[in-house]
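So you can see what is in the structure, the chains are spelled out below.
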Amino acid sequence: MTRSRRSLYRGAGEGMLRAAANLTGPDMPPWPEPTAAVERWRSWLAAVWVDDAFRHAVSTASPDLARRVQSVLDGRSPKPRRVRRAALATARYAIRYTQRSTPFGLFAGVAPVTFDDAAEAHVGRQHLAAGRPDPVALEKMISAWETDAARMAEVDVCVNNLARRRGDRIYIPGEGPSEVSLALTPAVELVLEAARSPIRFSALADKLAAEFTDKAEAHWAGMLTQLLRVRLLRSALRAPATVVDPADHLPSALREEAEDSPAAPDLRLDATVQLPTAVVTEAETAATVLTRLAAYPTGTPAWQRYAENFADRYGEGAEVPLELVTDPEEGLGLPEGFGEISQAPRPMTLRDRLLLELATTAAVEGRREVVLSEPVIERLEAAAGTRALTPPHLELCAQVQADSMRAVDRGNFRLRVSTVSRAVGSMTGRFWHLFSHTGSGCASLPAVEPGAESAQLSFHSARTSGDLLTRAPQVLPRLVSVGEFRYPTPGVLFPSDLAVGLREGRLYLAQAATGTRLELLAPTAINFQWNNYTPALVRFVAEISRAGVPQVTWFDWGAAWTLPFTPALHYRRSVLVPARWKLHARDLPGRGATPRQWADGLHEWMRRFRVPDRVVLVEDDQHLPLDLRHDLHRDLLRNHLGASRTGVAVVQEAPPPDADGWLGGRANSVVIPLEARP
């Protein structure tokens, strides 16, 4: 007889609603044929663009697209291909406008969610947009200012603590995966020493001129502007990530310029939502099952090997300075895969074989879903290995599916899990500035190691476009600042203040001077493994405390991900992962096929693989709902396949049409914070 199992988690306070701001979108006329004349495309765009709210939302999200559409409407873009591309992009936005809950500009926003005995919800129209300068535009303004030595004279600068010495050169992370190296000349050595802490730009130039008298001060000021350009120096113009609005740190002239630049708004919804505690209970259950089904119950193989290498090199109980242990020449460097775009192939495991059997059996039997039983969960759990620890806290993001508020109250609902974040604050932290009280409970969250102190990790994205994704107000007394300009103050630690230790086979981070163990909270939804948005050292200090606990995110199909179909996995009232299909361009008619021929090929593929009409096109974290009965939606899918470098489209089964009925038909998802039970 199978034992019932206690939930590993419990609710950890208020949740956050993510919902579309609009219930109705622009009226869209019939979709023109791909070979239609420019005037037909212009007519379609004009009908959609007449919707003032939609036009404003798109213009805010993509000023470039707005300019292209206006150019078409003004008759200044006569080429059919360009006009069609503008229409396709506008159509994608029109679908997302009402059907996607992910917070984005004026399309969708956030609101607090409370949990109590009864369900109630009210959504008004007085949404509040909080605008900040577009990161790319602001970067150009600050970089231009930093090239002017005269304007920089009274600005403080410091050395970027992400820079690392290797031999007779110094290496500095650049945009994304790029890296810049400089020779360690006597002048650069002086800068590294003199600017370890913030120093006035003009004072640093004076030091160089006094030490190296063969060149004028203007030469050294010019050199400092070059060091700012390659990011060896960081200036006080660049606000640390705990400053919500980066324009707040700018001189008045530059601030005015920033205020006139394009804005990147976050939307606080005019909404009051309360859900029954049964929703939290179901989230606890779903998170428990996902933890039990984690592919790596004791941490990833890369971190396991790193811990073994640390033990071999330094021994159990040793504490080694962070900068030494991560040095690739003097220490261990970073774990395998850090800073790399792709991951090495994984070896086949028993868990993979069980999941392949589960998925292929469902396909042969014609089932889109598999209801997980306790014996199946136990077999998968045993195949992955024994879990020693539970993640101390996390966030589960799920769509609450019910056709009415009454149904929610009665417990007649489903949770469709979107993802699970690595920690509380990962998905919600970038919106803390919209609500006065959110984030306040982070100080009381449990830790992996009893007695460890929580500290907030503050850093800039490695890609300029992601800057606002890492900005969150300070909610913990202590900070670890990496790669930022920041003044040394009580409670602020830098990489040079940290050490790495090993005890009972588990790695940990500590303050070198006191031995206090630290567990870092990174309030950002950036996926550390995707597209080099995160400096490698940031990922290291963010992950190390949890290196030995299960990596709980969305469900990992392992080797079964290569299959053309994987079924939905259901457990109680939760959809842990939806049914998923892979569509290859090679399985459909080629580029020369007419729309009718291509549609016939698509429908034949849908028949063979039992694909429903309503699906969600998925690319990384971008989701586009499609109804493949319509010409427009098929054209969007065909365009996606044609533009894909791999020639593959991934689609998931869409939620039921009435799934958002409890919120008046408004697309939604709820982020629920959970903490490990004692």
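Residues take numbers from 1 onward in each chain, read along the sequence in its written order. With the structure being a predicted model, the display of local features is reserved for residues of pLDDT at least 70 and the display and counting of side-chain atom pairs for 80 or more, all residues being used for whole-chain, interface and lining totals. Working from all heavy atoms in the structure, the side-chain values ignore hydrogens and water.

## Regarding the overall build of the protein
Note the threshold: Secondary structure elements are taken from DSSP: a helix is a run of H or I of four residues or more, a strand is a run of E of two residues or more, and numbering for both begins at the N terminus. Restricting the calculation to C-alpha atoms gives the radius of gyration, and the globule rule supplies 2.2 Å times the number of residues raised to the power 0.38. Accessible area is worked out with a 1.4 Å probe on protein chains only. A residue is then buried under 20% of its type maximum, exposed over 50%, and partly exposed in between. For this analysis, residues touch if any pair of their heavy atoms sits within 4.5 Å. All accessibility values rest on the Shrake-Rupley procedure with a 1.4 Å probe; residue burial counts only the protein chains present in the view. The charged-residue count follows a simple rule in which Lys and Arg add positive charge and Asp and Glu add negative charge, with His and chain termini not counted at all. Note on charges: their place is set at NZ of Lys, CZ of Arg, CG of Asp or CD of Glu.
Per the secondary structure count, the protein includes 19 helices and 31 strands. Rg of the C-alpha trace for the protein: 27 Å, near the compact-globule value of 26 Å for 678 residues, within the 12% margin. Summarising its shape, the C-alpha atoms of the protein cover approximately 80 × 75 × 50 Å along the three principal directions. Buried residues in the protein amount to 55% of all 678 residues. For the protein, long-range pairs separated by at least 24 residues make up 75% of all intrachain contacts whose partners lie at least 6 apart in sequence. Accessible area of the protein: about 30,000 Å², with a carbon and sulfur share of 49%. In the protein, 79 positive and 79 negative side-chain charges are present, and the distance between their average locations comes to 6 Å.

## Remarks on helix H2 (residues 52–61)
For clarity, the threshold we go by: Here the arc refers to the set of directions running from the helix axis out to each C-beta atom. What qualifies as a polar contact is a pair of N or O atoms within 3.5 Å, subject to a donor-acceptor requirement within protein and to the restriction that residues adjacent in sequence count only when both atoms come from side chains.
Looking only at H2, the buried set comprises Phe 54, Ala 57 and Val 58. Each buried residue of H2 sits inside an arc of 95 degrees when the element is viewed along its axis, so together they form one side. On the buried face of H2, the contacting elements are helix H1 (38–49), helix H3 (63–73) and helix H4 (80–99). Two to three positions downstream of the cap, the backbone nitrogen of Ala 53 sits 3.2 Å from a side-chain oxygen, assigning the N-cap of H2 to Asp 51.

## Topic: the nonpolar core
In globular proteins that are soluble, nonpolar side chains generally tend to be buried together. In plain terms, the rule: What we call a nonpolar core is a set of buried Ala, Val, Leu, Ile, Met, Phe, Trp, Tyr and Cys residues that are connected through their side-chain atoms within 4.5 Å. Start and end points for every domain follow an automatic or database-based domain assignment.
In terms of nonpolar packing, the biggest core is built from 106 residues, with Leu 275 and Leu 372 touching the most fellow members. Residue-level mapping places this core at the junction of two domains, with at least three residues from each of domain 1 (22–100) and domain 3 (290–392 + 430–551). What Leu 372 contacts, discounting residues up to four positions off in sequence, is Leu 293, Leu 358, Ile 377, Leu 569, His 570, Tyr 571 and Leu 576. Counting 43 residues, the second largest nonpolar core, distinct from the first, contains Cys 158, Val 159, Ala 209 and Leu 250.

## As for the domain arrangement of the protein
The assigned domain composition of the protein is domain 1 (22–100), domain 2 (135–260) and domain 3 (290–392 + 430–551). Computed from C-alpha atoms alone, the centre-to-centre distance between domain 1 and domain 2 is 42 Å.

## Thoughts on the side chain of Asp 627
Looking at where Asp 627 falls in the secondary structure, it is placed in strand S29 (residues 622–627). Reaching out from Asp 627, the side chain makes a polar contact with the side chain of Arg 629 at a distance of 2.5 Å. Setting aside its immediate chain neighbours within four residues, Asp 627 contacts Asp 613, Arg 614 and His 633.

## Concerning helix H19 (residues 631–643)
Put simply, the test is: Multiplying 1.5 Å by the residue count of a helix minus one yields the expected span of that helix.
With 13 residues, H19 ought to run about 18 Å at 1.5 Å a step, and its terminal C-alpha atoms sit 18 Å apart, in line with that. Within H19 the residues assigned to the buried category are Leu 632, His 633, Arg 634, Asp 635, Leu 636, Leu 637, Arg 638, His 640 and Leu 641.

## Some thoughts on unusual backbone geometry
Even without being glycine, Arg 231 reaches a positive phi, approximately 75 degrees. With respect to the helices and strands, Arg 231 occurs in the loop between helix H9 (217–229) and strand S11 (233–235). With relative accessibility at 18%, the residue Arg 231 sits in the buried group. Backbone geometry places Glu 504, a non-glycine residue, at a positive phi of 55 degrees. Along the chain, Glu 504 falls in the loop between strand S21 (498–503) and strand S22 (506–511). Taking the relative accessible area as the measure of exposure, Glu 504 reaches 63% and is therefore exposed.

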